[in-house]
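Examination of the molecular architecture
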Amino acid sequence: MNKNAIKKFAIDARNKLIASVTDKAGMLGITKDACSEPITRGADFEVYKTTAGTEVTLNKKQCEHRRKLVEQIKARGFDAVIEEVAYTWFNRICAIRFMEVNDYMYPARVRVLSSEKAGKNEPDILTLAPDIDWEFTEEEGEYIIDAKMNNKLDDLFRMLFIKQCNLLHEVLPGLFEETEDYTEMLLNISFTNEDDVIRMLIDSLDEADFNVSTLDENGNPTGQVEIIGWLYQYYNTELKDDTFAKLKKNVKITKERIPAATQLFTPDWIVRYMVENSVGRIWIEHLRANDPSVDEKATAERFGWKYYLPEAEQEADVNVKLAEIRTTYKDLKPTDITCIDPCMGSGHILIAMFDVLMDIYESAGYDKREAAFDIVEHNIHGLDIDKRAYQLAYFAVMMKGRGYNRRFFRGRDDVKPAPKVYAIMESNDIEKNHLQFFGASMPESERTKAVEQVKYLLHSFVDAREYGSILNVDACDWELLDRFVNDLNDNGQVTIESLGSEETQEELEGLIKIAEVMSKKYDAVVTNPPYMGGSGMNVKLSQYVKVHYPDSKSDLFAIFIEICGQMVKKSGYVAMITQHAWMFLSSFENLRNKMQMMDIVNMAHLGPRAFEEIGGEVVQTTSFAIRKSHIEKFKGTYYRLIEPTTQQGKEKMFLDAKNRYVAEQSNFSRIPGSPVAYWVSSKIISVFEKGILLGDIADSKQGIATADNNRFLRLWHEVCVKKYLLHS
């Protein structure tokens, strides 16, 4: 996979799309400085002056779309809206490329951006239209014929592309929202222009990079995970660089820029290590609960989980307590396993969860086609503050389902699959006065309770994208709230007060789903959280973490260690990759003390350059799997992988089982500051316990000092020049 080509394409495509969307806005009389008023207005049309000095006439529908665009710009700012439209089309273009390469297109399996015939630039939809089974209207059919006869192929291509997006809305509504809005008005693409995004995509990126059957040198599939993750990573490159440049000038990171500043594409082997040792471990615990003779290592090998680490050898009394924990999983069914990534990014961890869960379902006798629906319905959950990340994660999960079941898009029992992955939304603009129109047919006591809980959620989610998944959300009566929101009664009359109540209903439905996911407890929580120190936090985020997370406020990654511990069920598993600072620094000592109440099952201490391939960041990291239990004398397995200077080197050392340590977690507290010093011998621990600290017998505040400056130090003018010349 040529990551340099992917990076160049993503950066160039972003700039190209932003420029194109900005130009299209200008053709509607909209610029960063002003949104012009119509120069002529009729009953069902309006005329605007463009930035080119020409005039454009908009029909009634286009006028409504333009008004919505202007409203969004006034509310959120020109740059934010243009950026969102650009990345929305970028996501859709890349998604369609992925689908056509893998023959996933719907409803007709016809290539949209390219041709199956090598060397043919004209996309197959142009060649085959209007004979494609897309149920073209008579008007559309006439337009296709006219455009072909008059060689208006780019106009026809744009029309067919939007038609395909609208058809995909039926099966992928989370990514392909209905485009009959201002986003459609701002799209300008071409397949004939070699400098356009479409040709850049087809010509510069290898088709194999999008193919789910493509394998890496270790035999692992890369086509889906790799391309989606890297496109997301690299699209944000310039925004990330600009954010850090501003940070050096003490400009804090805003909520809009947190994703760009903190997103890191996690190497696939580390993702699999985390998922296999959390989600996979739960199922192996179930098997061991039913048959104590089950061999962990052999079972993991049978599943193909090569990054799974068997439990360290324990003392007899510890084994008794571990067996008690396993009994909680004895009656576990695959549909019972709930897992979440609260910082899902583009969905890399969710995809690994899907694969491990599919292994579990198939081993339990499920048909994989049915299991694909069950996994989406029962098992996988995800959250992120970035809407663009949500779109890609949603798409990744849906494509994984399609990979296991050719009929996945059609749904089961007339119900379309709906992944429980969400972009955290804010309640700031939800119209609270509309609550009076909900729950009219409910008993008064129920309605009162529902209104109270909805108001609580509206209060909790004010500025929610500032905080993301670290928000504390209490459980509510979700069934009650669902009935309340679906009971909208405005007496069939639109009044000034009720205007927009249906939009409020849609917003409340989304808010309740997100709140429910955030309030639940899970069997496995797996994530690569954002890394952002307190100095980069804006005022709202900084104040919030100081109040709610005083023991981990120094960095977001540490806060997420706490929040993941809160999200997991008793005896459940948390697997993360974080900076390793929490293991040693005094500022995280209270956090380490809290973590003594959870058992570190295993750890891959990665050190620097685990993320070597992402472009130069030297981040000191560690990845670990912990269980929400506390067993005295429990021994964890630790791999010290800090010496290899490449991602591949660390993976090889891990697989070769080199630099392996077994340590009792309780021993860490026997060392001042309780560092996670898993490599320290019992003799050294004994020295700390029985020996005399130097500080107890001498003033050891300074490490390097002369002890007699007047004797040993000289200022430059005190040095004898003659001696210097003599010796030189």
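To start, this report covers the structure provided alongside it. (Residues numbered from 1 in each chain as written. Predicted model: local features only at pLDDT ≥ 70, side-chain atom pairs only at ≥ 80, totals over all residues. Heavy atoms only, no water.)

Counting residues in hydrophobic clusters, the biggest one holds 226 residues, and the most contacted among them are Leu172, Phe461 and Trp582. Per-element tally for this core: the top contributor is helix 3 (residues 78-101), with 15 residues. Beyond its immediate stretch of four places on either side in the chain, Phe461 contacts Ile424, Met425, Glu426, Ser427, Asn428, Leu471, Val473, Leu511, Ile514, Ala515 and Met518. In this structure, Leu322, Ile325, Ile631 and Phe634 belong to the second largest nonpolar core, which totals five residues. (Core = buried A, V, L, I, M, F, W, Y, C linked by side-chain atoms within 4.5 Å. Buried < 20%, exposed > 50% of the residue type's maximum accessible area, 1.4 Å probe, protein only. Helix = DSSP H or I, 4+ residues; strand = E, 2+ residues; numbered from the N terminus. Contact = heavy atoms within 4.5 Å.)

This next bit is on the packing of helix 5 (residues 138-149) against helix 6 (residues 153-168). Packing of helix 5 against helix 6 leaves a shortest axis separation of 8 Å and a crossing angle of 150 degrees. For the element pair helix 5 / helix 6, the angle class is roughly antiparallel. Helix-helix and strand crossings are classified by hand; for helix 5 and helix 6 the assignment is left-handed. Two secondary-structure elements touch here, helix 5 through Glu140, Tyr143, Ile144, Ala147 and Lys148 and helix 6 through Leu153, Asp155, Leu156, Met159, Leu160 and Lys163. Tallied by class, the residues present in the contact of helix 5 with helix 6 amount to seven nonpolar, no polar and four charged. (Axes fitted to C-alpha atoms, helices over the stretch in contact; angles between N-to-C directions. Parallel < 35°, antiparallel > 145°, perpendicular 65-115°, else oblique. Left-handed = near helix turned anticlockwise from the far one by under 90°. Nonpolar A, V, L, I, M, F, W, Y, C, P; charged D, E, K, R; others polar.)

Judged by how many residues are buried, strand 9 (residues 599-607) sits mostly within the fold: nine of nine residues are covered. In the sheet, strand 9 pairs with strand 10 (residues 621-627) via seven bridges, with the strands oriented antiparallel. Across the sheet, Asp599 pairs through a bridge with Arg627, a residue of strand 10. Relative to strand 11 (residues 635-640), strand 9 is paired through four bridges, and the arrangement is parallel. Opposite His605, over in strand 11, you have Arg640 as the bridge partner. (Pairing = 2+ DSSP bridges.)

Glancing now at the pattern of salt bridges. Oppositely charged side chains can pair when the atoms bearing their charge come close. In this structure the tally under the stated criterion is 43 salt bridges. A salt bridge links Lys120 to Asp124, with the shortest nitrogen-to-oxygen separation between them at 3.4 Å. Overall, Asp124 belongs to the buried group, its relative accessible area being 12%. Residue Arg326 is joined to Glu285 by a salt bridge in which the shortest nitrogen-to-oxygen separation is 3.3 Å. Linking Arg326 in helix 14 (residues 316-327) with Glu285 in helix 12 (residues 268-290), this pair joins segments that are 41 residues apart in sequence. By the burial criterion, Arg326 is buried, and Glu285 matches it. Through salt bridges with shared partners, a single ionic network connects Arg281, Glu285, Arg288, Glu296, Glu311 and Arg326. (Salt bridge = Lys/Arg side-chain N within 4 Å of Asp/Glu carboxyl O.)

This part is about the sheet that holds strand 7 (residues 522-527). The strand order across the open sheet built from nine strands is 6-5-4-7-8-10-9-11-12, with neighbouring strands paired in mixed fashion. Of all strands in the sheet, those with a lone pairing partner are strand 6 (420-423) and strand 12 (660-664), marking the two edges. When strand polarity is set aside, the average angle formed by the axes of neighbouring strands in this sheet is 15 degrees.

That bond from Tyr106 to Pro107 is cis: its omega, 0 degrees, falls within 30 degrees of zero. Take Pro107: it is sitting in the loop between helix 3 and helix 4 (124-128). For the peptide bond that leads from Ala129 to Pro130, omega is 5 degrees, which places it in the cis range. Relative to the helices and strands, Pro130 is located in the loop between helix 4 and helix 5. The backbone phi angle of Ser571 is positive, close to 70 degrees, even though this residue is not glycine. With respect to the secondary-structure elements, Ser571 resides in strand 8 (residues 568-579).

With respect to the helices, strands and loops of the structure, Glu507 is situated in helix 20 (residues 501-519). As a C-alpha pair, Glu507 and Asp12 span 495 residues in sequence and 34 Å in three-dimensional space. Setting aside residues up to four positions removed in sequence, Glu507 forms contacts with Met425 and Ile430.

Before going further, it helps to examine the side chain of Asp384. Among the secondary structure elements, Asp384 is positioned in strand 5 (residues 380-384). Buried and unpaired, Asp384 has Arg465 as its nearest opposite-charge partner, separated by 8.0 Å. Among the polar contacts listed, one links the side chain of Asp384 to the backbone nitrogen of Gly345, at a separation of 2.8 Å. Setting aside chain neighbours within four positions, we find Asp384 in contact with Pro342, Cys343, Met344, Gly345, Ala389, Tyr422, Ala423 and Ile424. (Lys, Arg positive; Asp, Glu negative; His and termini not counted. Polar contact = N/O pair within 3.5 Å; in protein donor to acceptor, adjacent residues only side chain to side chain.)

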